[in-house]
2 protein chains.
Amino acid sequence: MIYPEEFEHLMESFQMLPGVGEKSAERYVYAVDSMENDKIEEFAKNLAQFKKNIKRCSVCGHITNKEICPICSSDARDSSTICVVEDSKSVFMFEKTGKFEGVYHVLGGLISPVDEVNPEDINISSLVQKRVNDNVKEVIIALNPSIEGETTSLYIQKLLEKTNVKVSRLSYGIPMGADIEYLDPLTIIRAIDDRKFLS
Amino acid sequence: MIYPEEFEHLMESFQMLPGVGEKSAERYVYAVDSMENDKIEEFAKNLAQFKKNIKRCSVCGHITNKEICPICSSDARDSSTICVVEDSKSVFMFEKTGKFEGVYHVLGGLISPVDEVNPEDINISSLVQKRVNDNVKEVIIALNPSIEGETTSLYIQKLLEKTNVKVSRLSYGIPMGADIEYLDPLTIIRAIDDRKFLS
């Protein structure tokens, strides 16, 4: 062991982060070494506070520091439109657009038989049993166009079949700024399928 | 502010690390979010312990958790050979080779008039005034072949001129595994200058 113990331990902690190998962890430790003492204290405090205060919204499952997240508890949001997303990352992405006025439902994963993720392992039942009632008009499914996303989408669709709620999904198609020349055939097929009539 | 406060604060801490922008910091926070609670606690503890216990060796200036680092306090090391390096990173690099048996002197920077780093801003005086005595036979200068490295090297050379100690520097030349075809001309010039006679 050529590094001091504290050095090694901090390296190990950094290596738990995604994409951080030995070299990056080492660089991060050197950076911590050259930080002001109060910045390091703040860093440690921020980790502890995160651990202590961050939880899931009891309504939608979104990451929050409150019992119910600001979106679910806001009067300005249209609670009759529920957007179903895989995780909190998606919620933040949608919020950044500033255009969606409904509420969310965070699944916390996707159904994946290969990875042994079953419907009961993700936050589906509370959507159907608790949230979708007569006041809810539409459920927008906003999941990745992957096998897992499509499987989960189909599953939710089936569960909601007997209710009066409308179920929709995001359109597939050409991403903004893309060049059709370089698109993959599947995206083009989907863009044709989801085409929008202009007249 | 679309993120919870604790989320933002932790993101800011991660963004103090080198090469970590907003996107990476966000990814790291999500990773922390999915860590076991005791792992996060450990992470915070490791930061605090690092801050509390890591200091500089009072002899050589190397990063350590002791008053005097294990290298300086080891009987197995040849204290008559001092290798002068820019920072602790270099010490760890040399130690990884397992071949150097002398001791180190960590400057903690290089002389750089442009960046207003003067000789008194780095750990030079203690080398000349305290460490180089009659028991020291050789000082090996192991600094980067940059303007700052060469300036610092020259400065140390001058200071040691009046002593009996031998001053050497690392050889410049072709790095192992390199293809001469792709080397820059300066490296080739240096490799000729530093050539080794075989007979």
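In this report, we go over the structure that sits alongside the text.

So, about the overall build of chain A. When you go through chain A residue by residue, the secondary structure sums to 7 helices and 6 strands. For a compact globule of 199 residues, the expected C-alpha radius of gyration is about 16 Å, and chain A comes in at 22 Å, more than 25% above that figure. Counted over contacts in chain A with a minimum sequence separation of 6, partners at least 24 positions apart contribute 47%. Accessible area for chain A stands at about 11,900 Å²; split by element, carbon and sulfur atoms hold 50% of it.

Two quantities define a packed helix pair, namely the angle between the axes and the distance from one axis to the other. All names here are of chain A. Between helix α1 (residues 5–15) and helix α2 (residues 22–33), the least distance of the axes is 8 Å, while the angle of their chain directions is 120 degrees. Viewed along their axes, α1 and α2 adopt a mutual orientation that is oblique. α2 is crossed by α1, and the crossing has right-handed handedness. On α2, the residues touching Phe7, Leu10, Met11, Phe14 and Gln15 of α1 are Glu22, Ala25, Glu26, Tyr28, Val29, Tyr30 and Val32. In terms of residue class, the contact of α1 with α2 is made up of 9 nonpolar, 1 polar and 2 charged.

So, about the packing of α2(A) against helix α4 (residues 88–97) of chain B. Relative to each other, α2(A) and α4(B) sit at 145 degrees, their axes nearing to 11 Å. Of the residues in α4(B), those touching α2(A) at A:Lys23, A:Glu26 and A:Tyr30 are B:Ser88, B:Lys89, B:Phe92, B:Met93 and B:Lys96.

Our next topic: α2(A). When the terminal C-alpha atoms of α2(A) are compared, their 16 Å separation across 12 residues agrees well with the 16 Å that a helix rising 1.5 Å per residue should span. Those residues of α2(A) that sit buried are A:Ala25, A:Glu26, A:Tyr28, A:Val29, A:Tyr30, A:Ala31 and A:Val32. On its buried face, α2(A) is in contact with α1 and α3 (37–53) of chain A together with α2 (22–33), α3 (37–53) and α4 of chain B.

With that settled, the discussion passes to the relation of the copies chain A and chain B. Each of the two chain copies can be generated from the other by rotation about an axis followed by a shift along it. Least-squares fitting of chain A to chain B yields an RMSD of 0.0 Å, with the transformation described by 0.0 Å of translation along the axis and a rotation of 180 degrees. Taken together, the turn and the small shift mark the pair as related by a two-fold rotation axis. The C-alpha atom lying nearest the rotation axis in chain A is that of A:Ala44; the distance is 2.2 Å. Same-surface contact between copies: 100% of interface residues of chain A are shared with the interface of chain B.

This paragraph deals with the interface of chain A and chain B. Taken together, the contacts link 49 residues of chain A with 49 residues of chain B. Buried surface at the junction of chain A and chain B, summed over both partners, amounts to about 4,700 Å²; 71% is from carbon and sulfur atoms. Looking only at chain A, the three residues that lose the most surface to chain B are A:Glu6, A:Leu47 and A:Phe50, adding up to 14% of its buried area. Put simply, A:Glu41 and B:Lys51 hold a salt bridge, and the shortest N to O gap is 3.2 Å. Applying the counting rule to chain A against chain B returns 15 residue pairs in polar contact (both at pLDDT 80 or more). Of all the secondary structure elements, the ones that give two or more residues to the side of chain A that touches chain B are α1, α2, α3, β2 (63–64) and α4 (88–97) of chain A. Residue composition of the side of chain A that touches chain B, grouped by class: 25 nonpolar, 10 polar and 14 charged.

Our next topic: unusual backbone geometry. Located in the positive-phi region is A:Glu116, a residue other than glycine, with phi close to 60 degrees. Position of A:Glu116 among the secondary structure elements: in the loop between β4 (102–106) and α5 (125–131).

Looking now at the pattern of salt bridges. Residues and elements named next belong to chain A. Summed over all chains, the structure comprises 12 salt bridges over all chains. Taking the shortest distance from any N to any O, the salt bridge between arginine 190 and glutamate 150 comes out at 3.2 Å. Here arginine 190, found in helix α7 (residues 185–193), pairs with glutamate 150, found in helix α6 (residues 147–160); they are 40 residues apart in sequence, far enough to count as distant. Overall, the relative accessible area of 27% leaves arginine 190 in the partly exposed class. Classification of glutamate 150 by relative accessible area gives partly exposed; the value is 30%.

Let us now look at a negative patch on the surface. Taken together, the side chains of A:Glu12, B:Glu36, B:Asp38 and B:Glu42 present a region of like negative charge at the surface. Positionally, B:Glu42 belongs in helix α3. When its relative accessible area of 33% is taken as the criterion, B:Glu42 is described as partly exposed.

So, on to the sheet that holds strand β6 (residues 166–169) of chain A. Residues and elements named next belong to chain A. Taking strand neighbours across the sheet as the criterion, the 4 strands line up as β4-β3-β5-β6 in an open arrangement whose pairing is parallel. Pairing within the sheet leaves two strands with one partner each, and these edge strands are β4 and β6. Averaged over all neighbouring strand pairs, the angle between strand axes comes to 25 degrees, with direction disregarded. Pairing between strand β3 (residues 78–85) and strand β5 (residues 138–142): 5 bridges, direction parallel. Looking at β5, one finds that valine 84 is bridged to isoleucine 141. Set on the sheet, α4 makes contact with β3, β4 and β5; between it and β4 the angle comes to about 160 degrees.

Residue and element names in this part refer to chain A. The buried fraction of β4 is high, at 5 of 5 residues. Sheet analysis places β3 next to β4, joined by 5 bridges and oriented parallel. Residue valine 85 lies in a different strand from β4, and its bridge partner there is valine 106. After leaving β3, the chain enters α4 and then returns to the sheet as β4, a path that is right-handed.

Before going further, it helps to examine the sheet that holds strand β6 (residues 166–169) of chain B. Residues and elements named next belong to chain B. Overall, parallel pairing links the 4 strands, which are arranged β4-β3-β5-β6 in an open sheet. Of all the strands in the sheet, the pair left with one neighbour each is β4 (102–106) and β6. Going across the sheet, the axis of each strand differs from the next one's by a mean of 25 degrees, ignoring polarity. Each of β3 (78–85), β4 and β5 (138–142) touches α4; the most contacted strand, β4, lies at about 160 degrees to it. Each of β3, β5 and β6 touches helix α6 (residues 147–160); the most contacted strand, β5, lies at about 170 degrees to it.

Conventions adopted
- Residues numbered from 1 in each chain as written.
- Chains lettered and ligands numbered in written order.
- Predicted model: local features only at pLDDT ≥ 70, side-chain atom pairs only at ≥ 80, totals over all residues.
- Heavy atoms only, no water.
- Helix = DSSP H or I, 4+ residues; strand = E, 2+ residues; numbered from the N terminus.
- Rg over C-alpha atoms; globule rule 2.2 N^0.38 Å.
- Contact = heavy atoms within 4.5 Å.
- Areas by Shrake-Rupley, 256 points an atom, 1.4 Å probe, with all protein chains shown as cover.
- Axes fitted to C-alpha atoms, helices over the stretch in contact; angles between N-to-C directions.
- Parallel < 35°, antiparallel > 145°, perpendicular 65-115°, else oblique.
- Left-handed = near helix turned anticlockwise from the far one by under 90°.
- Nonpolar A, V, L, I, M, F, W, Y, C, P; charged D, E, K, R; others polar.
- Expected span 1.5 Å × (residues − 1).
- Buried < 20%, exposed > 50% of the residue type's maximum accessible area, 1.4 Å probe, protein only.
- Least-squares fit on C-alpha atoms with pLDDT ≥ 70 in both.
- Buried area = accessible area lost by both parts, 1.4 Å probe.
- Salt bridge = Lys/Arg side-chain N within 4 Å of Asp/Glu carboxyl O.
- Polar contact = N/O pair within 3.5 Å; in protein donor to acceptor, adjacent residues only side chain to side chain.
- Patch = residues over 30% accessible without salt bridge, like charges linked within 9 Å, V, L, I, M, F, W, Y side chains within 5 Å.
- Lys, Arg positive; Asp, Glu negative; His and termini not counted.
- Charge placed at Lys NZ, Arg CZ, Asp CG, Glu CD.
- Pairing = 2+ DSSP bridges.
- Right-handed = clockwise from strand over helix to strand, strands pointing away.

Read these as spatial facts, not as claims about activity.
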